[in-house]
Amino acid sequence: MTVFKTYLKIFNQYKLIVILYTVILLVFAIFQMKNNENSLSFEAEKPNIYIDIQDENIGLTKNLVDYLSSSTNVVLVDDVSDALFFREVHFVITIPNSYRKDLLSGKNPSIHYQSTNDYQASLVQLLLEKYLRIQSIFLSSLKEESKTILSINKVLEQKATFTMNTHLDTYGLTKAKNYYNFANYAILAGLIYVVCVLNSVFRDEKILKRTKASSKNFKTFNIELFLSNSIFAILLWGLYVLFSFFLVGNVMFSIHGYFYIFNAFLFTMVSLSIAFFIGSFLKNKEAINGIVNVIALGSSFLCGAFVPITFLPKSVLYVVRIFPSYWFIQNNELLSTLEVIDSSAIRTLFFHFTILFFFLVFFLILTNILSKKNLQKETI
Amino acid sequence: MRNIIEVNHLTKVYKNLRAVNDLSFEVKEGEILGLLGPNGSGKSTTINCILSLLTFQEGSIQVFGKPMTPTSYASRKKMGVVFQDVCVFDELTVFDNVDYFCGLYIQNSAVRKEYVEDAIALVGLQDFKKYTPKQLSGGLLRRLNIACGIAHKPQLLFFDEPTVAVDPQSRNNILEGIKILRDMGATIVYTSHYMEEVEILCDRIIILDKGKILASGTSDELKALAKIEEKITVEIIDLPKKYLDKISHFSNVQNVTYSNQVLHVVYKKGKNNLVELIDYFKKEKIKYNKIFSLRPTLNDVFLELTGKELRDS
Ligand SMILES: Nc1ncnc2c1ncn2[C@@H]1O[C@H](COP(=O)(O)OP(=O)(O)O)[C@@H](O)[C@H]1O
Ligand SMILES: [Mg+2]
């Protein structure tokens, strides 16, 4: 409690600069959101797919191929696994040999697919699963092929117009996405800055030496310091969430909104662990601004917090996977393109959540190792 | 008296400098032990080794009968330290600073409040509780540093040169405070390069130089090592050389100098040296202004042992 109480007192001393920093970043976030209102970034991100048609391309098979071609870029590739690895295609669909015949004879032939597991891939998966669902409904009632095709296409058309008009608020979702993408920078920068400034007070060489000489368990000391910081982190997250409700309330009060919020929470915790890690060895207050710029600004830019990452060179897109920001922003992007959040989308979202969670654990472990070393280290 | 600290053959080497060289000593319960030595003699290094803030190459250290490690929290609970450098939070007030450092040891907030008040009263900072360190003068800052180190009422206390660059008023306050702590039962290790302080404060003194113990004992025991009994200083307007020669041949005299109208006579031993000298002046009708005798100081001991002055280094 001593550490927490003192943390608050010191926080109080720095509150003006902390508030100023936070407000400026928040204003930028709002500005960024407004700025990108008209950009239809989801148009530019049509996924690439490859369809391996082993069946004769007629009837139901052809209809499926046509349907997929209309909403994705169908490309040709030489080596499927290479293409997937290098993200030349996001999704590879294999239509087996007797697919159409089996369908018409009442069997349930399966379509194989491989995917890159990113948000473009899950978009294709979404389309495919939707199509197959509708197809199976009509096949069981209508036995004739041409009628089935007509009915499928009719429903697909209807559904598309229906969702475009009422259900999918692309405008709001894009705004929310822009806002939360920018929050990537604001939260990361805000946390690194504040945590490092406040921790450098406790980790001042002389103060730390005095702390080590005391009977305060050094581990408890670090945990108390981390918990104190996490209160600030949660406040910061809460502030961003609160403002998103003011700005795009209709989106935030939907499942999409809850996912945005949870995604941001997880990212806030990862940012906290990164900030705490940096704060545990950074003693020089002057260096903090530089670190904030390099880490927060750098990773935010590279991972697409400010501009869509499709503009960045391909090689960069692989490297940026080492940043938690990438996975956070991928989730934001995915959410903004999802019409309905179905099981496959949730799978992708949770896959990214898991990666973020591992980042959190990774940095906590790293900090713990460092602090153990620090305790044994000579202090003079 | 049981030993609170036992240091055996402690050796600490920095790169190629032997800061502490085969040091052995013990600190007994309830005493004030003084570590006296010039700057760089290894006083701080010794304390940091005892506190297990430094690793060392050879030797062993026991505190409260147990070896010290970085995680000896039970022993640390009974120990307090006032480092040479002031270490306080610039962001916190005097009260909050003492409260923080006391809080590292004492969880109960009611007890802690009382302890913090006691510590602030002991160093006489009652009127400055709401001040921040930047608003305090050097002496008051030192007193705050001390309050932070002693507030949890430890049984064993280290003071590392707490009076360096401190005004006389604060210095007296600090020395009085340390005596009060000893009287309340604390065992104290006190380092300084001011021999006068160590002499009036400490029950036992260890003289250090270049990481080695030169001598140890009570101040009287140490002075016996000086091999001089007393120094007599006389102000004389004019003293012809023949008298000087005469005086230097007195049986107990070790050394005589005369310069700037001041005569210094150093005696090896003997009793009535002053009377003997005054009688001689009367007999020869030599006029003098002031005459006084000084007992040897620890500086003389240091001079005797190392051939250099303690105060100059
Ligand atoms: N961290 C260090 N690295 C190298 N040498 C050091 C270090 N700390 C102290 N020393 C050297 O060790 C010797 C003893 O220093 P110290 O224990 O501080 O002496 P004191 O406290 O008696 O003034 C000095 O010569 C000093 O220069
Ligand atoms: Mg020292």
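K.L.:
Any chance you could explain the overall build of chain A here in plain terms?
P.N.:
A count of helices and strands for chain A gives 17 helices and 4 strands. C-alpha extents for chain A along the principal axes are approximately 85 × 40 × 35 Å. Looking at chain A as a whole, 54% of its 380 residues qualify as buried. For chain A, long-range pairs separated by at least 24 residues make up 80% of all intrachain contacts whose partners lie at least 6 apart in sequence. Put simply, chain A has 33 plus and 26 minus side-chain charges, and the middle of one group is 15 Å from the middle of the other.

K.L.:
Would you take a moment to explain the overall build of chain B for this structure?
P.N.:
Looking only at helices and strands, chain B has 11 helices and 14 strands in total. Dimensions along the principal axes, computed over C-alpha positions, put chain B at roughly 75 × 45 × 35 Å. Excluding contacts between residues fewer than 6 apart, the proportion of contacts in chain B whose partners are at least 24 apart in sequence is 66%. Across chain B, the 41 positively charged side chains and the 39 negatively charged ones have centroids separated by 2 Å.

K.L.:
For this particular structure, what's the right way to read a nonpolar patch on the surface?
P.N.:
Residue and element names in this part refer to chain A. There is a patch of nonpolar side chains on the surface, built from L20, I24, F28 and F31 and spanning about 430 Å² of accessible area. Structurally, L20 is set in helix α2 (residues 15–35). Taking the relative accessible area as the measure of exposure, L20 reaches 56% and is therefore exposed.

K.L.:
Sorry if this is basic, but what is going on with the environment of L282 of chain A here?
P.N.:
All names here are of chain A. Tracing the sequence through the fold places L282 in the loop between α13 (255–279) and α14 (287–303). Relative accessible area serves as the criterion here: at 10%, L282 is assigned to the buried category. Along the sequence, L282 and D118 sit 164 residues apart, while their C-alpha atoms lie 35 Å from each other. Other than its neighbours up to four places away in sequence, L282 contacts C196, S200, A287, I288 and I291.

K.L.:
Where do I start with the site of ligand 1 in this structure?
P.N.:
Lining the immediate environment of ligand 1, one finds 12 residues, of which G40, G42, K43, S44 and T45 of chain B sit closest. Surrounding ligand 1 are residues belonging to chains A and B, so the site spans chains. One of the backbone nitrogen or oxygen atoms of S41 of chain B is found 3.2 Å away from an oxygen atom of ligand 1. Here G42 of chain B contributes a backbone N or O atom positioned 3.0 Å from an oxygen atom of ligand 1. Protein coverage of the free-state accessible area of ligand 1, which is 550 Å², stands at 65%. Elements with a minimum of two residues in the shell around ligand 1: β2 (17–28) and α1 (43–50) of chain B. When grouped by side-chain class, the residues that make up the shell around ligand 1 number 5 nonpolar, 6 polar and 1 charged.

K.L.:
Would you mind going over the packing of aromatic side chains with me for this structure?
P.N.:
Both the distance between ring centres and the angle between the ring planes are used here to describe each pair of aromatic rings. All names here are of chain A. Tallying each qualifying case throughout the model produces 37 aromatic pairs over all chains. On the numbers, 5.7 Å between centres and 70° between planes, the contact of Y185 with F306 is edge-to-face. Taken together, the residues Y185 in helix α9 (residues 170–202) and F306 in the loop between α14 and α15 (314–319) connect sequence positions 121 residues apart. Take Y185: its relative accessible area is 12%, and that puts it in the buried class.

K.L.:
I would appreciate a short explanation of the interface of chain A and chain B in the present structure.
P.N.:
Note: interface size is frequently given as the accessible area lost on complex formation between the parts. Across the boundary between the two partners, chain A contributes 30 residues, which contact 30 residues of chain B. Inspection of the chain A/chain B interface yields 2 salt bridges. Residue D99 of chain B is joined to K5 of chain A by a salt bridge in which the shortest nitrogen-to-oxygen separation is 3.4 Å. Here chain A and chain B share 9 residue pairs in polar contact (both at pLDDT 80 or more) between them. Breaking the side of chain A that touches chain B down by element, the ones donating at least two residues are α1 (2–13), α9, α10 (205–213), α11 (218–247) and α17 (343–376) of chain A. Of the residues assigned to the side of chain A that touches chain B, the class counts are 11 nonpolar, 9 polar and 10 charged.

K.L.:
What exactly am I supposed to notice about the coordination of the magnesium ion (ligand 2) here?
P.N.:
Where a metal carries four tetrahedral donors, each ideal angle is 109.5 degrees; where it carries six octahedral donors, the ideal angles are 90 or 180 degrees. Residues and elements named next belong to chain B. Within the protein, the magnesium ion (ligand 2) binds to S44 (OG) and Q84 (OE1); these donor distances fall in the range 2.0 to 2.2 Å. In this pair, S44 sits in helix α1 while Q84 sits in the loop between β6 (79–82) and α3 (94–103), placing the two residues 40 residues apart along the sequence. The class of Q84 is partly exposed, set by a relative accessible area of 29%.

K.L.:
What is the right way to look at the domain arrangement of chain A in this model?
P.N.:
Residues and elements named next belong to chain A. Splitting chain A by domain gives domain 1 (2–37 + 176–378) and domain 2 (48–157). In this structure, domain 1 and domain 2 have C-alpha centres spaced 40 Å apart. In this assembly, 16 residues from domain 1 lie in contact with 12 residues from domain 2. Across the domain 1/domain 2 interface, buried area totals approximately 1200 Å², and carbon plus sulfur atoms make up 52% of it. Linking domain 1 with domain 2 are 0 salt bridges, by the criterion used here. Counting the contacts that link domain 1 with domain 2 gives 0 residue pairs in polar contact (both at pLDDT 80 or more). Contributions of two or more residues to the side of domain 1 that touches domain 2 are made by α15, α16 (324–337) and α17. Sorting elements by how many residues they give to the side of domain 1 that touches domain 2 places α17 first, with 5 residues.

K.L.:
Just to check I follow, could you spell out the packing of α3 of chain B against helix α4 (residues 109–122) of chain B for this structure?
P.N.:
Two numbers describe a pair of packed helices, the interaxial angle and the distance between the axes. All names here are of chain B. It is the contact of α3 with α4, at a shortest axis distance of 9 Å, that shows an interaxial angle of 120°. As the angle between them shows, α3 and α4 are arranged oblique. Crossing geometry of α3 relative to α4 is assigned as right-handed. Packed against α3, whose contacting residues are V94, F95, V98, D99, C102 and G103, the element α4 presents R112, Y115, V116, E117, A119 and I120 at the interface. For the contact of α3 with α4, the class distribution of residues is 8 nonpolar, 1 polar and 3 charged.

K.L.:
How should helix α10 (residues 273–284) of chain B be read in this particular structure?
P.N.:
In an α-helix, one turn spans 3.6 residues; hence positions three or four apart end up facing the same way. Residue and element names in this part refer to chain B. Over its 12 residues, α10 runs 17 Å from end to end, which matches the ideal 16 Å to within 8%, given 1.5 Å per residue. Tucked into the core, α10 has its buried residues touching β11 (230–235), α9 (241–248), β13 (262–267) and β14 (291–294). Phi turns positive one or two residues past the end of α10, at K285, with a value near 55°.

K.L.:
I keep staring at the sheet that holds strand β1 (residues 3–14) of chain B and nothing clicks. Help me out?
P.N.:
Residue and element names in this part refer to chain B. Read across the sheet, 4 strands follow the order β2-β1-β4-β5 without closing on themselves; strand pairing throughout is antiparallel. The sheet is open, and its two borders are formed by β2 and β5 (66–67), each paired with just one other strand. Bridging between β1 and β2 involves 8 bridges; their strand directions are antiparallel. Looking at the pairing, V13 lines up with R18 of β2. Sitting on the sheet, α1 touches β1, β2 and β4 (58–63), and the angle it makes with β1 is about 115°.

K.L.:
When you look at the side chain of E145 of chain A in this model, what are you seeing that I'm missing?
P.N.:
All names here are of chain A. Take E145: it is sitting in helix α8 (residues 145–167). Within the structure, the side chain of E145 is placed 2.6 Å from the side chain of R100, a separation counted as a polar contact. Residues within four places of E145 in sequence aside, it is in contact with G59, L60, R100 and L104.

K.L.:
What am I meant to see in unusual backbone geometry here?
P.N.:
The backbone of K153 of chain B sits at a positive phi, close to 50°, despite the residue not being glycine. Looking at K153 of chain B, the relative accessible area reads 41%, which means it is partly exposed.

So, how was this worked out
Residues numbered from 1 in each chain as written. Chains lettered and ligands numbered in written order. Predicted model: local features only at pLDDT ≥ 70, side-chain atom pairs only at ≥ 80, totals over all residues. Heavy atoms only, no water. Helix = DSSP H or I, 4+ residues; strand = E, 2+ residues; numbered from the N terminus. Buried < 20%, exposed > 50% of the residue type's maximum accessible area, 1.4 Å probe, protein only. Contact = heavy atoms within 4.5 Å. Lys, Arg positive; Asp, Glu negative; His and termini not counted. Charge placed at Lys NZ, Arg CZ, Asp CG, Glu CD. Patch = residues over 30% accessible without salt bridge, like charges linked within 9 Å, V, L, I, M, F, W, Y side chains within 5 Å. Areas by Shrake-Rupley, 256 points an atom, 1.4 Å probe, with all protein chains shown as cover. Salt bridge = Lys/Arg side-chain N within 4 Å of Asp/Glu carboxyl O. Near = heavy atom within 4 Å. Polar contact = N/O pair within 3.5 Å; in protein donor to acceptor, adjacent residues only side chain to side chain. Nonpolar A, V, L, I, M, F, W, Y, C, P; charged D, E, K, R; others polar. Phe/Tyr/Trp six-rings, centres within 6.5 Å; stacked < 30°, edge-to-face > 60°. Donors = N, O, S within 2.8 Å, 3.2 Å for Na, K, Ca; no water. Domains from an automatic or database assignment. Buried area = accessible area lost by both parts, 1.4 Å probe. Axes fitted to C-alpha atoms, helices over the stretch in contact; angles between N-to-C directions. Parallel < 35°, antiparallel > 145°, perpendicular 65-115°, else oblique. Left-handed = near helix turned anticlockwise from the far one by under 90°. Expected span 1.5 Å × (residues − 1). Pairing = 2+ DSSP bridges.

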